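Spelled out, the chains give:
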Amino acid sequence: MAKVTITTTVNASVHDVWESWDAFGDIYKFNPNVDKSKLLNGSKASGLGAKRRCDLADGKSFVNEVITSYEPERFMAVDIYEGNIPLKSAEVSFLFDAISPTKTKIETTMTFQPKFWILGALMIPLMKVQLRKALQGLMAGNQKFVEKGVMAT
């Protein structure tokens, strides 16, 4: 499995940061890589087992995701279990650390295995660059969303 990790600091409490991620069906509000997102039929709003569909910004790709690990205000792992992107499997985890009452560090790690066996393995370096960019966009979008105080309204 290949892995990409980035770290982001948000000028907001861990509670406010967590609240933005815990609104599981609403990731489209801050993720520039997602055009639309919604909870899947029968899914709970958040927590272990919550499921959503994300239609990606390219207008043709989608992923279905499920929360596989959930510790409020501390940790969340999301499995990308279905989609039309070139990944055989992928999981994104978020580790939240309250640096101070008004500052939160988020360590985001994506582990993935590409489709297409040997060809996919050869694509890993390029995929790491693309996925790192996508994660950086996601985290910058979340930082801006939370720091503007959108969650407080």
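See above for the structure.
Computed from a predicted model, the values in this text were never measured in an experiment. (Residues numbered from 1 in each chain as written. Predicted model: local features only at pLDDT ≥ 70, side-chain atom pairs only at ≥ 80, totals over all residues. Heavy atoms only, no water.)

Colleague: Would you take a moment to explain the pattern of salt bridges for this structure?
Modeller: Where charged atoms of side chains with opposite charge meet at close range, the side chains can pair. In the structure shown here, the tally under the stated rule is three salt bridges. With a closest N to O distance of 3.7 Å, Asp 26 and Lys 29 form a salt bridge. By relative accessible area, Asp 26 is classed as partly exposed at 30%. (Salt bridge = Lys/Arg side-chain N within 4 Å of Asp/Glu carboxyl O. Buried < 20%, exposed > 50% of the residue type's maximum accessible area, 1.4 Å probe, protein only.)

Colleague: Quick question: what am I supposed to make of the sheet that holds strand 4 (residues 62-71) here?
Modeller: Sheet strands pair via backbone hydrogen bonds, and the direction of the pair is either parallel or antiparallel. Taken in spatial order, the seven strands of this open sheet run 1-7-6-5-4-3-2, and their pairing is antiparallel. Across the chains shown, the open sheet's two edge strands, defined by having one partner strand only, are strand 1 (2-10) and strand 2 (34-39). Looking at each pair of strands side by side, their axes are set apart by 20 degrees on average, direction ignored. Examined bridge by bridge, strand 6 (residues 87-100) and strand 7 (residues 103-114) share twelve bridges and lie antiparallel to one another. Looking across to strand 7, one finds that Ser 93 is bridged to Thr 109. (Pairing = 2+ DSSP bridges. Helix = DSSP H or I, 4+ residues; strand = E, 2+ residues; numbered from the N terminus. Axes fitted to C-alpha atoms, helices over the stretch in contact; angles between N-to-C directions.)

Colleague: Where do I start with the environment of Ala 90 in this structure?
Modeller: Tracing the sequence through the fold places Ala 90 in strand 6. When its relative accessible area of 3% is taken as the criterion, Ala 90 is described as buried. Ala 90 sits eleven residues away from Asp 79 along the chain, and the two C-alpha atoms are 6.1 Å apart. Setting aside anything within four residues of it in sequence, one finds Ala 90 in contact with Val 78, Asp 79, Ile 80, Met 110, Thr 111 and Phe 112. (Contact = heavy atoms within 4.5 Å.)

Colleague: Would you take a moment to explain the side chain of Thr 8 for this structure?
Modeller: Within the element layout of this structure, Thr 8 appears in strand 1. Under the relative-accessibility criterion, Thr 8 is labelled buried at 11%. When residues no more than four places from it in sequence are discounted, the contact partners of Thr 8 are Thr 104, Lys 105, Ile 106, Met 139 and Gln 143.

Colleague: For this particular structure, what's the right way to read the side chain of Ser 61?
Modeller: Position of Ser 61 relative to the elements: it lies in the loop between strand 3 (51-56) and strand 4. Setting aside anything within four residues of it in sequence, one finds Ser 61 in contact with Cys 54, Asp 55, Leu 56, Asn 84 and Ile 85.

Colleague: Got a minute to help me understand the environment of Ala 23 in this structure?
Modeller: Secondary-structure assignment places Ala 23 in the loop between helix 1 (14-22) and strand 2. Between the C-alpha atom of Ala 23 and that of Ala 45, which follows or precedes it by 22 residues, the distance is 7.1 Å.

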